[in-house]
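# Examination of the molecular architecture
Residue strings, one per chain:
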Amino acid sequence: MNKTSLFRAYCDWPYDTAVFVEATDRQSAALKISRLIGTLYGCPTDDVSFYNLDSYYELVDEKGVGDDLDFRLFESGWDADGVASWVDTPLFLAPLNQSFLLAAWERLQRHLEGLGHDDQLQVHPRM
């Protein structure tokens with residue numbers, strides 16, 4: 001497992017989801033997303049549309065605010081109180097990190113189920 005090779009982007013066509021891939025750099029990650037999504041959904045790679053391509057470190061160190069570092073990979077929106085929304089239905093196209101991502105996703109789901117609805121969206125930022 002090499003978390004440093006993880007990247008996440010939001011694909012908005014042909015399938016609206018957050019997608020995780022492994023790559024050596026941002027350019028390679030972008031190319032992989034276009035090729036893998038194009039292959040999966042049978043469309044030309046040039047037609048694949050995505051945005052907010054972030055590395056593991058950007059998601060954990062710069063953008064994420066929650067106390068649990070693994071959960072930061074799934075944060076999708078923030079406000080003054082902390083996490084305002086979470087990724088739903090992620091697509092994991094990262095074979096070397098597949099078990100890590102699945103375990104973190106399952107743990108997040110159990111955590112959110114244990115919270116009340118209002119508390120699910122009020123994960124407070126780190127200090």
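Residues numbered from 1 in each chain as written. Predicted model: local features only at pLDDT ≥ 70, side-chain atom pairs only at ≥ 80, totals over all residues. Heavy atoms only, no water.

Within the protein chain, the regular secondary structure consists of four helices and six strands. Sorting the 127 residues of the protein chain into buried and exposed places 43% on the buried side. In the protein chain, of all internal contacts separated by at least 6 residues, the share reaching a separation of at least 24 is 60%. Put simply, the protein chain shows about 7,000 Å² of open surface, and 52% of that area lies on carbon and sulfur atoms. (Helix = DSSP H or I, 4+ residues; strand = E, 2+ residues; numbered from the N terminus. Buried < 20%, exposed > 50% of the residue type's maximum accessible area, 1.4 Å probe, protein only. Contact = heavy atoms within 4.5 Å. Areas by Shrake-Rupley, 256 points an atom, 1.4 Å probe, with all protein chains shown as cover.)

Right, let's get into the pattern of salt bridges. If you walk through the whole model with that rule in mind, you get five salt bridges. Note that E58 and R26 form a salt bridge whose closest N and O atoms lie 2.7 Å from each other. You can see E58 sitting in helix α2 (residues 56–63) and its partner R26 sitting in helix α1 (residues 26–41), a full 32 residues away along the chain. Between R107 and D68 there is a salt bridge whose closest N-O contact spans 2.6 Å. One end of the pair, R107, is in helix α3 (residues 98–113); the other, D68, is in the loop between α2 and β4 (75–79), with 39 residues separating them in the sequence. (Salt bridge = Lys/Arg side-chain N within 4 Å of Asp/Glu carboxyl O.)

Next up on the list: the side chain of E22. With respect to the helices, strands and loops of the structure, E22 is situated in strand β2 (residues 17–22). Here E22 is buried and forms no salt bridge, its nearest opposite-charge partner K32 lying at an N-O distance of 5.6 Å. A polar side-chain atom of E22 sits 2.9 Å from the main-chain amide nitrogen of L96. (Lys, Arg positive; Asp, Glu negative; His and termini not counted. Polar contact = N/O pair within 3.5 Å; in protein donor to acceptor, adjacent residues only side chain to side chain.)

According to the relative accessible area criterion, R26 is partly exposed, its value standing at 37%. With 28 residues separating them in the primary sequence, R26 and D54 have C-alpha atoms 7.8 Å apart.

In this section: α2. Regarding α2, the residues found buried are Y56, E58, L59 and V60. On its buried face, α2 is in contact with β1 (6–13), α1 and β3 (49–55).

Mean pLDDT for the protein chain: 89, with 90% of residues reaching 70 or above. Averaged pLDDT values for the elements of the protein chain fall to 50 in helix α4 (residues 117–120) and rise to 97 in β3. When the criterion is pLDDT under 50, residues 122–127 qualifies, and its contacts beyond four places in sequence or with other chains add up to 20 contacts. (pLDDT = per-residue confidence, 0-100.)

Strand order in this open sheet of four strands is β3-β1-β2-β6, and the pairing throughout is mixed. Edge strands, defined here as strands with exactly one partner in the open sheet, are β3 and β6 (91–93). In this sheet, adjacent strand axes meet at a mean angle of 25 degrees when their direction is disregarded. Sitting on the sheet, α2 is in contact with β1 and β3, with an inclination near 70 degrees to β3. Docked against the sheet, α3 engages β1, β2 and β6, running at close to 160 degrees with respect to β6. (Pairing = 2+ DSSP bridges. Axes fitted to C-alpha atoms, helices over the stretch in contact; angles between N-to-C directions.)

Bringing the packing of aromatic side chains into the picture now. Summed over all chains, the structure comprises eight aromatic pairs. Considering the side-chain rings of F20 and F92, the 5.4 Å spacing of their centres and the 50 degrees angle between planes classify their relative orientation as tilted. Of this pair, F20 sits in strand β2 while F92 sits in strand β6, and the two are 72 residues apart along the sequence. Accessibility expressed as a relative area gives 12% for F92, which makes it buried. An aromatic cluster is present here, built from F20, F74, F92 and W105 joined pairwise through their rings. (Phe/Tyr/Trp six-rings, centres within 6.5 Å; stacked < 30°, edge-to-face > 60°.)

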